[in-house]
Amino acid sequence: MVGYEGAWTSNSPDDIRALFTEDAVYETRPNDPSPWRGHSEIVEKWIEAQDQPEDWTFEWTLLGIDGDTAYVQGLTTYLNGQPTYDNLWIIRFAPDGRASAFTEWFMAR
């Protein structure tokens, strides 16, 4: 989570890439028909959708871990007039600690 927040703050391709395996799949919603696949696409789409660090705050709680899968509940508060979002993330980890699959749910309050 520290690495994710760091990448979210920096929007640096190297910081983003460091979070994921080379063949990772990032779904911006469950059963995403167009998930981001692999380093190149994950970095490209992340940069396209990037938030500026002064525009948000983020709080999170680890709900649980089951084997290689973590469940995280988050609260994203935007400070620039955008809605506040409740988040649920399911993250599957490779043995080296990088995410091999990431699925997010987010709902505006």
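Residues numbered from 1 in each chain as written. Predicted model: local features only at pLDDT ≥ 70, side-chain atom pairs only at ≥ 80, totals over all residues. Heavy atoms only, no water.

Student: Sorry, what's going on with helix α3 (residues 38-48) here?
Tutor: Side chains of residues three or four places apart in an α-helix project in the same direction, reflecting 3.6 residues per turn. Every buried residue belonging to α3 is among Gly 38, His 39, Ile 42, Val 43 and Trp 46, and all of these are buried. Along the long axis of α3, the arc covered by the buried residues comes to 155 degrees, so they all point the same way. Among the exposed residues of α3, those pointing more than 90 degrees away from its buried face are Ser 40 and Glu 48. Elements in contact with the buried residues of α3: α1 (2-10), α2 (13-17), β1 (20-27) and β2 (36-37). (Buried < 20%, exposed > 50% of the residue type's maximum accessible area, 1.4 Å probe, protein only. Helix = DSSP H or I, 4+ residues; strand = E, 2+ residues; numbered from the N terminus. Arc of directions from axis to C-beta. Contact = heavy atoms within 4.5 Å.)

Student: Would you explain the nonpolar core in this entry?
Tutor: Nonpolar side chains tend to gather and get buried jointly when the protein is soluble and globular. Counting 21 residues, the largest nonpolar core has Tyr 4, Phe 20, Tyr 26 and Trp 46 as the members making the most contacts within it. Listing elements by their share of this core, those giving two or more residues are α1, β1, α3, β3 (56-66), β4 (69-78), β5 (85-93) and β6 (99-108). When residues no more than four places from it in sequence are discounted, the contact partners of Tyr 4 are Leu 19, Tyr 26, Trp 46, Trp 89 and Phe 102. (Core = buried A, V, L, I, M, F, W, Y, C linked by side-chain atoms within 4.5 Å.)

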